[in-house]
Amino acid sequence: MESLEGRVLSLEELSREQREFVQKHPDQLRKFYGIREGMCRRCLNQDSRLFQEKPCVKGHGNCFYCLDCLAFSRVSTCSALVYLPVTSLEPREVDFYLEHSLSTDQERISGEMLESLSKGEDRLIWAVTGAGKTEMTFACIRKALSQGKRVAYASPRIDVCLDLHARYKKAFPSEDIPLLYGESKEEYRFRPFMMMTTHQLVRFYQAFDLLIVDEADAFPFNGSALLERAVAKSVKKRHSIFWLTATPPNFLIEEVRSEGLPISILAGRFHGHPLPEAEFSYVGDWREKVIKGKLPNCIHQFLKEEVAQGQFLILFMPHIPLMIKMESILKKLHPDWRVASVSAKDTKRLEKVQEAKGAAYDLLLSTTILERGVTFYAIDVAVLGAEDETFSSESLIQIAGRVGRHKDAPSGRVVYFHNGQTKAMRKAQLTIRFLNRSYQEGREDYHDLFTLS
Ligand SMILES: [Zn+2]
Ligand SMILES: [Zn+2]
């Protein structure tokens, strides 16, 4: 039964058909209890602080349940879990459509990925923002599917998943590609090529031959032990995990250094123009001013110039309340400007982003939610409060990476307005410069990058 394959499920969450299957075919399934020997058998949590003791509803006295994967459903000591191993698939023809041919650099990395796939090894693909990393995955996904392998794509960001789902569907027009995420209304189905947010991997066990993890440096993946375990357990024993990122997190750099994780680096954008470098601009205590309903002078000047030139701009800010305040200040001062704001809490976010792509605004205020995964035709970006701890060097590099994505508009301005430079700001600036220089010089060895700080 397809819908049971490759996932660890509790009896309570099964549909009627699934239950019937479980009763009729006990020989095909593995059944086990939810928590044994201090470990949750669904998410593999072993941290005793993440188990909660509670009187058992089934009358076993006190049972424990796992807090780490509670968001999915409750797994307790006495929960019955079932697991049906995945069936193997026959080799087949896979339809494939590529809009543009790959650049020489993309071709090289695509080849390295194919090699890792055939060896069953993992690989880090470090490709700068705008390098065209999605296109580089097409060949190995096609190869894997045609060999009867199972493939999954996962990213921590739902916006990224939605965007890429459309692109993968276009590239593989004959595949049914389910997209799993928390709020999805679609009925679950298991197919050879699955896409999902990284959280959804928690349910899977030894299901995939090839797993592509996109943007592992993004919240909430980076630093989440639950999600790291989910990646490791969702793949089969022999597998390839491809980590795709423009800003590798420390845990991956550590794996390259000490465990020899193979790495592919693409330091240039697909159109060959350099990455935009950031300017720093000191604004002083901007919070104080914004709270009092005022705009710091230099940012006001900057915004007026941008709007006067008809240049669309995204202004990133660290906190939602300050951003909302800023929006109202701007609307009061400049009723003629078309201003909007977006955040993770904004239910109209996806619509507003679409409107912004259609040039409906002069200025868009955003939290880090738009730092990655979205592409606008010709924009400038600025950060107000770049010193805030919300803005890691990865985040600042991603923000700069929104600019100059299109070959007809390959440059633009990036300004970090700050109240005191931080290490993250300097690291972001240094990294971008280093990548640009390396690419211009045609350098192949980028290991110096790991020592930047
Ligand atoms: Zn758990
Ligand atoms: Zn119990």
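Structure shown above.
Keep in mind that what you see is a predicted model, and the values were worked out from it rather than measured. (Residues numbered from 1 in each chain as written. Chains lettered and ligands numbered in written order. Predicted model: local features only at pLDDT ≥ 70, side-chain atom pairs only at ≥ 80, totals over all residues. Heavy atoms only, no water.)

With that settled, consider the coordination of the zinc ion (ligand 1). With distances of 2.3 to 2.4 Å, the protein atoms coordinating the zinc ion (ligand 1) are C40 (SG), C43 (SG), C66 (SG) and C69 (SG). With 4 donor atoms in place around the zinc ion (ligand 1) and angles of 105 to 112 degrees between them, the coordination shape is tetrahedral. One chain supplies every donor for the zinc ion (ligand 1), spaced along it as C-x2-C-x22-C-x2-C. Of this pair, C43 sits in the loop between β4 (39–40) and β5 (51–55) while C66 sits in strand β6 (residues 62–66); the two residues are 23 residues apart in sequence, bridging distant segments of the chain. C66 matches C43 in its accessibility class, with the two residues each being buried. (Donors = N, O, S within 2.8 Å, 3.2 Å for Na, K, Ca; no water. Tetrahedral: all angles 85-135°; square planar, octahedral: opposite > 155°, others 65-115°. Helix = DSSP H or I, 4+ residues; strand = E, 2+ residues; numbered from the N terminus. Buried < 20%, exposed > 50% of the residue type's maximum accessible area, 1.4 Å probe, protein only.)

This brings us to the nonpolar core. Residues Y168, F193 and Y416 are the most contacted members of the largest nonpolar core, which totals 64 residues. Counting residues per element, this core draws most heavily on helix α3 (residues 133–146), at 6 residues. Looking at which domains feed residues into this core, each of domain 2 (104–266) and domain 3 (279–440) supplies at least three. Once you skip the residues sitting within four places of it in the chain, F193 turns out to touch I141, L145, V151, Y153, Y168, F172, D176, I177 and P178. Ranked by size, the runner-up nonpolar core spans 40 residues in total, among them M194, A207, I241 and L261. (Core = buried A, V, L, I, M, F, W, Y, C linked by side-chain atoms within 4.5 Å. Domains from an automatic or database assignment. Contact = heavy atoms within 4.5 Å.)

A large share of strand β12 (residues 208–214) lies buried, amounting to 7 of its 7 residues. In this structure, strand β9 (residues 151–155) lies alongside β12, joined through 4 bridges in parallel fashion. Note on β12: the bridge partner recorded for Y153 is I212. In the sheet, β12 pairs with strand β13 (residues 235–245) via 6 bridges, with the strands oriented parallel. Residue pairing in the sheet places D214 in a bridge with L244 of β13. Crossover handedness for the path β12 to helix α5 (residues 225–234) to β13: right-handed. (Pairing = 2+ DSSP bridges. Right-handed = clockwise from strand over helix to strand, strands pointing away.)

Here we come to the sheet that holds strand β18 (residues 363–366). Taken together, 6 strands build an open sheet; the order of strands is β15-β20-β19-β16-β18-β17 and the sheet is parallel. Whereas interior strands pair on both sides, the edge strands pair on one side only; in this sheet they are β15 (279–282) and β17 (339–342). When the angles between neighbouring strand axes are averaged without regard to direction, this sheet yields 20 degrees. Relative to β18, β17 runs parallel, the two sharing 4 bridges. Its bridge partner lying in β18, V342 is registered against S366. (Axes fitted to C-alpha atoms, helices over the stretch in contact; angles between N-to-C directions.)

Turning to unusual backbone geometry, a few remarks are in order. Cis rather than trans, the peptide bond between F219 and P220 has omega equal to 0 degrees. Secondary-structure assignment places P220 in the loop between β12 and α5. For E37, which is not a glycine, the phi torsion comes out positive at approximately 50 degrees. Considering the arrangement of structural elements, one finds E37 in the loop between β3 (35–36) and β4.

Opposite charge on two side chains permits pairing when their charged atoms draw close. Across all of its chains, the model carries 34 salt bridges by this definition. We note a salt bridge from K331 to E327, for which the minimum N-O separation is 3.0 Å. A residue pair is termed a helical-turn pair when its members lie 3 or 4 positions apart in one helix, as K331 and E327 do in helix α9 (residues 320–333) at 4 residues. A relative accessible area of 41% means that K331 is categorised as partly exposed. A relative accessible area of 12% places E327 in the buried class. Bridged by salt links that share partners, the residues K133, R157, D214, E215, D217, E371 and R372 form one connected network. (Salt bridge = Lys/Arg side-chain N within 4 Å of Asp/Glu carboxyl O.)

For the coordinates displayed, the defined rule picks out 0 disulfides. Summary of cysteine pairing: C140 is not part of a disulfide, and the nearest cysteine sulfur, belonging to C161, is at 17 Å. (Disulfide = S-S within 2.5 Å.)

The next thing to look at is the sheet that holds strand β1 (residues 8–10). Strand order in the open sheet made by the 3 strands is β1-β7-β2, with antiparallel pairing throughout. Unpaired on one side and paired on the other, β1 and β2 (30–33) mark the two borders of the sheet. Strand-to-strand twist in this sheet, taken as the mean axis angle between neighbours without regard to direction, amounts to 30 degrees.

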